[in-house]
Amino acid sequence: SPSDIKNSMLKLIYEELFIYTFKINYLKSINKVTNGLPKKFDETQIQDFLSSLNFELTKDQLTTIEDILKDMKENKRMNRLVLGDVGSGKTVVAMCAAYKAVKSGYQAAIMAPTAILATQHLENFKNILEKLGIRCELLISGITKKQKEGILERLENGDIDILIGTHAILEENVVFKNLGLVVTDEQHRFGVKQRSTIASKGKNPDVIAMSATPIPRTLALILYGDLDISIIDELPPNRKKIETFAVNKSMEERINAFILKNLQEGRQAYVVCPLVEENEEINAQSVLETAEKYSKVLKSYKVEYLHGKMRQKEKEEIMQDFKDGKIDVLVSTTVIEVGVNVPNATLMIIENAERFGLAALHQLRGRVGRGDKQSYCILKYQSTTQIAKQRMEIMQKTNDGFVIAEKDLELR
């Protein structure tokens, strides 16, 4: 009967979940046995780090730092996931952990999924840690052979304290003298094998995985049951809520006027498209045609485009020019989705918003609202389906990544 079938299905689901949870708990018990690296550390040094910051940390950031320092003190290996919404300040938490590892006599590796993000991390780390006597270096595939050889030599000799990079860190010839901490940023972008490859470059180093991908809390506790979890919920002070509007084609002129108004006030804007080039089979905006369109509409402003098919060096130059304020409008694919920080950019326009998942829309929106100025996200959509409308409504109603993740799961 139908009720028998339903009960059988529930039984199968229950058993599958039970076995998964059992395995996760088993892994966790093994991790507890795994001996970590012994670390002697003067607690007052953390105060030196905190007082060198020119901003106040939130309660969540301080609690997470406390969790990490406690883990690093114990003789078992740390295995922690820092789950924080976009813009919640996970980087400074990773920086504090790296500072402690270095002050305890070890090296730290910070792995980011893109060269743009790795370069940005290097800037942030150097700004704060160099004056505390810590040497940071960048390893990405775009650097010259000679530069790379120099970095690898200094790394093996222990003359580099913190190595920040992309997948380039995973190469066999990258040898650390004494690796004590591994941080993977946007950990969902790296496979399990890649994460274990980097960890195997040291003798049981502490591991921190960071993710801003919205995932329901309850699901996170099950999926990442083998990890200890810290959640950073609150945004740094002075951050204003990003105003989000979903609009259709009829609003085109008003949006253009709104972009112009923001540019006249000295702000910058992102425009994100689902495609790089025009495609006859897919009815969606491409980066190239959109950049051309905005160049005509915003004649006296500098419009530039960026996409994943460009050469690494070219992408970095464009991103740097945008950060330096030399570009007013950056038309891009989702390559800017992860971690890019330009406080002067206050406007995010997403073309064909119905073609992006809720998590991607939330991540993209998180590229603005990083300064103390009011920021806006405009979702331009063409689809009239019920689900598309519901998704646009959710984005307008809330800025909370965990709520968005719950809704995303419901709609799926």
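Here is a short report on the structure shown in this document. Keep in mind the model is a prediction, meaning the values are calculated, not measured.

To continue, consider the overall build of the protein chain. Counting its regular elements, the protein chain contains 14 helices and 13 strands. Along the three orthogonal principal directions, the C-alpha set of the protein chain runs to about 70 × 65 × 40 Å. When the 412 residues of the protein chain are sorted by exposure, 50% land in the buried category. For the protein chain, contacts bridging at least 24 residues in sequence account for 78% of all contacts bridging at least 6. Across the protein chain, the 58 positively charged side chains and the 56 negatively charged ones have centroids separated by 1 Å.

It is worth spelling out the pairing of strand β11 (residues 329-332) at this point. A two-sided burial pattern is seen for β11, the buried positions comprising Val329 and Val331 on one face and Leu330 and Ser332 on the other. As judged from the four bridges shared by strand β9 (residues 268-272) and β11, these two strands associate in the parallel manner. Looking across to β11, one finds that Val271 is bridged to Val331. The pairing of strand β10 (residues 303-306) with β11 spans four bridges and is parallel. Paired with Val303 across the strands is Val329, a residue of β11. Of the crossover connections in this fold, the one passing from β10 over helix α11 (residues 312-323) to the parallel β11 is right-handed.

As a further point, take the packing of helix α13 (residues 386-397) against helix α14 (residues 401-411). Contact geometry of α13 with α14 gives a least axis separation of 11 Å together with a crossing angle of 170°. In terms of their interaxial angle, α13 and α14 are classed as roughly antiparallel. Residues Ile387, Gln390, Arg391, Ile394 and Met395 of α13 touch α14, and the partners they reach there are Ile404, Lys407 and Leu411.

Moving on, we get to α13. Compared with the 16 Å implied by 1.5 Å per residue over twelve residues, the 17 Å span of α13 between its first and last C-alpha is a close match. Those residues of α13 that fall on the buried side of the exposure criterion are Ala388, Arg391, Met392, Ile394 and Met395. For α13, the buried positions fall inside an angular range of 160° around the axis, keeping them on one side. Of the residues in α13, the exposed ones pointing more than 90 degrees away from the buried face are Gln386 and Lys397.

How each quantity is defined
Residues numbered from 1 in each chain as written. Predicted model: local features only at pLDDT ≥ 70, side-chain atom pairs only at ≥ 80, totals over all residues. Heavy atoms only, no water. Helix = DSSP H or I, 4+ residues; strand = E, 2+ residues; numbered from the N terminus. Buried < 20%, exposed > 50% of the residue type's maximum accessible area, 1.4 Å probe, protein only. Contact = heavy atoms within 4.5 Å. Lys, Arg positive; Asp, Glu negative; His and termini not counted. Charge placed at Lys NZ, Arg CZ, Asp CG, Glu CD. Pairing = 2+ DSSP bridges. Right-handed = clockwise from strand over helix to strand, strands pointing away. Axes fitted to C-alpha atoms, helices over the stretch in contact; angles between N-to-C directions. Parallel < 35°, antiparallel > 145°, perpendicular 65-115°, else oblique. Expected span 1.5 Å × (residues − 1). Arc of directions from axis to C-beta.

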